[in-house]
Amino acid sequence: MVHHDARRWIDHVLAGSPVARGIGLRFTTIEPDRIVATLPFEPDRVTLDDLVHGGVIATLIDIAGAAASASGIGDGVAGGATATMSIAYLAPARGCDLTAEAVVIQRGHMQTVTDVSVRDPCGRAIAKGIVTSRLFLRKKAAG
């Protein structure tokens, strides 16, 4: 089960952000250290014809990676941010919805590394990303 602070961060900050809402991103699975997100195809998200823009795919990877990182936080974490992200585009996404599965492959005290796979409805690999997230710890009260 995902900690209530993690769920709040995922729902309000990540899924609730204007950019996530703007591209129609939805989380279909939220588990500790694993997120599945969907991105519906829309003609305003293309480069040319029906080719999904690489920046839209990068945004999907970034948000899914951040959500997977957030899914494992507990009481001591105040939030986080993407520190680095690398993407390999493997095949064109043409006129189709996309699914991203993000799995934390390493979790440290202040950082996570997440593997993100983007696939089309036929299961074809569209892109692969590695997202490193920096976690921000709550300051302890003096005393």
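Here the structure is a predicted model, which is why all the values come from computation and not from measurement. (Residues numbered from 1 in each chain as written. Predicted model: local features only at pLDDT ≥ 70, side-chain atom pairs only at ≥ 80, totals over all residues. Heavy atoms only, no water.)

1. Some remarks on helix 1 (residues 4-14)
Thought 1: Listed as buried for helix 1 are Asp5, Ala6, Ile10 and Leu14. Take helix 1 and look down its axis: the buried residues cluster within an arc of 135 degrees, on one side only. Of the exposed residues in helix 1, those oriented more than 90 degrees away from the buried face are His4 and His12.
Thought 2: If you follow the buried residues of helix 1, they end up packed against helix 2 (18-23), strand 1 (26-31), strand 2 (34-39) and helix 3 (54-70). (Buried < 20%, exposed > 50% of the residue type's maximum accessible area, 1.4 Å probe, protein only. Helix = DSSP H or I, 4+ residues; strand = E, 2+ residues; numbered from the N terminus. Arc of directions from axis to C-beta. Contact = heavy atoms within 4.5 Å.)

2. A word on the environment of arginine 124
Thought 1: Along the chain, arginine 124 turns up in the loop between strand 7 (111-119) and strand 8 (125-137).
Thought 2: Distance in space between the C-alpha atoms of arginine 124 and alanine 58 is 17 Å, their sequence separation being 66 residues.
Thought 3: Apart from residues lying up to four places away in sequence, arginine 124 is in contact with Ala91, Pro92, Val118 and Arg119.

3. Overview of the nonpolar core
Thought 1: Counting 38 residues, the largest nonpolar core has Phe27, Ile57, Leu98 and Val118 as the members making the most contacts within it.
Thought 2: Mapped onto this core, the elements with two or more residues apiece are helix 1, helix 2, strand 1, strand 2, helix 3, strand 6 (98-107), strand 7 and strand 8.
Thought 3: Considering each element in turn, this core owes the most residues, ten residues, to helix 3.
Thought 4: Once you skip the residues sitting within four places of it in the chain, valine 118 turns out to touch Ile57, Leu60, Ile61, Leu98, Thr99, Ala100, Arg124, Ala125, Ile126 and Ala127. (Core = buried A, V, L, I, M, F, W, Y, C linked by side-chain atoms within 4.5 Å.)

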